Amino acid sequence: MMQRTLVQKIDALLYRRGFAVADARKLMRNQILLAAGGAALACLATGFSNWGLSFAAGALIISVNFWWLSKAAQELVKVRDGAVFTLLTLFYGRLVLTGVAIAALVAWLGASVFGLLAGLSTVVINATLWGVLQIRHKVPATGNGKEA
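Since the model is a prediction, treat every value here as computed from it, not as a measurement.

A. Region of interest: the overall build of the chain. The number of helices and strands found in the chain is 6 helices and 0 strands. In sequence order, the secondary structure elements of the chain are arranged as α-α-α-α-α-α. For the chain, with 148 residues in total, the buried portion stands at 30%. The long-range share in the chain, meaning contacts at least 24 apart out of those at least 6 apart in sequence, stands at 68%. Here the chain displays about 10,100 Å² of accessible surface, and carbon together with sulfur accounts for 71% of that area.

B. Region of the structure containing the packing of helix α3 (residues 50–76) against helix α6 (residues 122–138). Look at α3 against α6: their axes get within 9 Å of each other, and the N-to-C directions meet at 55 degrees. Classed by the angle they form, the pair α3 and α6 counts as oblique. Packed against α3, whose contacting residues are F55, A59, I62 and F66, the element α6 presents T122, V123 and N126 at the interface. In terms of residue class, the contact of α3 with α6 is made up of 5 nonpolar, 2 polar and no charged.

C. Local environment of the packing of helix α1 (residues 2–16) against helix α2 (residues 22–45). α2 packs onto α1 with a crossing angle of 125 degrees between their chain directions and a minimal axis gap of 10 Å. The angle between the axes of α1 and α2 places the two elements in the oblique class. Crossing angle aside, the handedness with which α1 passes α2 is right-handed. Together, L6, V7, I10, D11, L14 and Y15 of α1 and R25, M28, R29, I32 and L33 of α2 make up the contact between the two elements.

Reading the values: rules and limits
Residues numbered from 1 in each chain as written. Predicted model: local features only at pLDDT ≥ 70, side-chain atom pairs only at ≥ 80, totals over all residues. Heavy atoms only, no water. Helix = DSSP H or I, 4+ residues; strand = E, 2+ residues; numbered from the N terminus. Buried < 20%, exposed > 50% of the residue type's maximum accessible area, 1.4 Å probe, protein only. Contact = heavy atoms within 4.5 Å. Areas by Shrake-Rupley, 256 points an atom, 1.4 Å probe, with all protein chains shown as cover. Axes fitted to C-alpha atoms, helices over the stretch in contact; angles between N-to-C directions. Parallel < 35°, antiparallel > 145°, perpendicular 65-115°, else oblique. Nonpolar A, V, L, I, M, F, W, Y, C, P; charged D, E, K, R; others polar. Left-handed = near helix turned anticlockwise from the far one by under 90°.

Listed below in structure tokens is the structure:
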């Protein structure tokens, strides 16, 4: 019951923040839950070690990026002339900022590269699970072979 309420609250928040497309909202909600849950688990399981905190930082970085990409993808449907250049500029600007943030975490703060990569991979896990579930819901049930 509490889990359903949390999901509904996150969905409502995302809808208010411009996630009008249901699939984009679902993907972003799942990313938030996976990143937050994974970061909490990594930090608690490792005693807030460098690896656990690096995982949390990677999960946060990729979630912010995923948020931006999800919002941008919804806007691409309504793109006007000249907006593509703006979106590409913002995309590459965000990419550079992400690279700088990761480099700073590793070089200056001594973050664990493997922890960061594990945190960054939460988006891959999210997208893979979403894709598998989408395929699973669209595949017709198979019979016992005696239908023909």
